[in-house]
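# Reading the structure
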Amino acid sequence: MITSRFARLLAGSAVAALSISGPAISSAAASGKAPQLPPASFVAMQEGPGEEYVIGPLDELTIFVWRNPELGASVQVRPDGRITTPLITDMPAVGKTPSMLAEDIKLQLSQYIQEPLVSVIVNKFAGTFSQQVRIVGATEKPASLPYRANMTLLDAMIAVGGLSEYAAGNRAKLIRFDKESGRQQEYAVKLGDLLKKGDSRANVMLKPGDVIIIPESMF
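Only a predicted model underlies this, so the values are computations on that prediction, with no experimental measurement involved.

## A closer look at the pairing of strand β6 (residues 132–137)
Looking at chain direction, β6 and strand β7 (residues 143–146) are connected through four bridges and run antiparallel. Residue pairing across strands places Gln-132 opposite Pro-146, the latter belonging to β7. Between the antiparallel neighbours β6 and β7 lie five residues. Here four bridges tie β6 to strand β10 (residues 211–214), and the two strands are oriented parallel to one another. In the strand pairing of β10, Val-136 is matched with Ile-213.

Put into structure tokens, the structure is as follows:
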């Protein structure tokens, strides 16, 4: 039979071995808490442009060809990501900026007219998934929202009607793809404090592609 004293010595040796062989765990990781984003003001002090818009499926476009109106068109991007205009069939549009698509159309039309000037205007937009902000879980209207410049967490929650009756708002998470590391990063967001207490520190800036997950309360 192993004595209690020997058992205590054995347990101490195991702990010492773990502390030597394994890397130290940060306090945040050990507690399972996700990092938080810096707060954003309720009213933007200075507006600025966002990332250049990327065309997505079902976007509605107006294509204008200077001095050749018959070659322009108002079209909707098909679910397969392509468009068809006069003289151009099945031109890929999804994933391009309006200026990139205008340049591609210009190259195609150059076979028929000399030095065409082409403009592409986005009239109604949905954007690609990478440019949408998605809110799922315990909210009144889960939705995918087209991202717009200077969009905040408060803006997104207003668009979906706020939290549901059983939402655990302060346990919500924001999932963001970090382009530099190529990994997803999870952040803690306190929607309960933001929407029920008006805590401005809980409001954060959003980025294209953000996903907000709102769990339900356990009781």
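## What to know about the sheet that holds β6
The five strands lie next to each other as β7-β6-β10-β8-β9, forming an open sheet whose pairing is mixed. The outermost strands of the open sheet, each flanked by one partner alone, are β7 and β9 (183–189). Mean inter-strand twist for the sheet, computed between neighbouring axes without regard to direction, equals 20°.

## Looking at the confidence of the model for the protein chain
Residues at a pLDDT of 70 or more form 80% of the protein chain, whose mean pLDDT is 83. Taken together, the stretch residues 1–31 has pLDDT below 50 and engages in three contacts with residues farther than four places along the chain or on a different chain.

## A closer look at the side chain of Lys-96
Topologically, Lys-96 is positioned in the loop between β4 (88–92) and α3 (98–109). Residue Lys-96 is classed as buried on the basis of its relative accessible area of 14%. Beyond its immediate chain neighbours, meaning those up to four positions away, Lys-96 contacts Tyr-53, Val-54, Ile-55, Met-91, Leu-101 and Asp-104.

Basis of the calculations
- Residues numbered from 1 in each chain as written.
- Predicted model: local features only at pLDDT ≥ 70, side-chain atom pairs only at ≥ 80, totals over all residues.
- Heavy atoms only, no water.
- Pairing = 2+ DSSP bridges.
- Helix = DSSP H or I, 4+ residues; strand = E, 2+ residues; numbered from the N terminus.
- Axes fitted to C-alpha atoms, helices over the stretch in contact; angles between N-to-C directions.
- pLDDT = per-residue confidence, 0-100.
- Contact = heavy atoms within 4.5 Å.
- Buried < 20%, exposed > 50% of the residue type's maximum accessible area, 1.4 Å probe, protein only.

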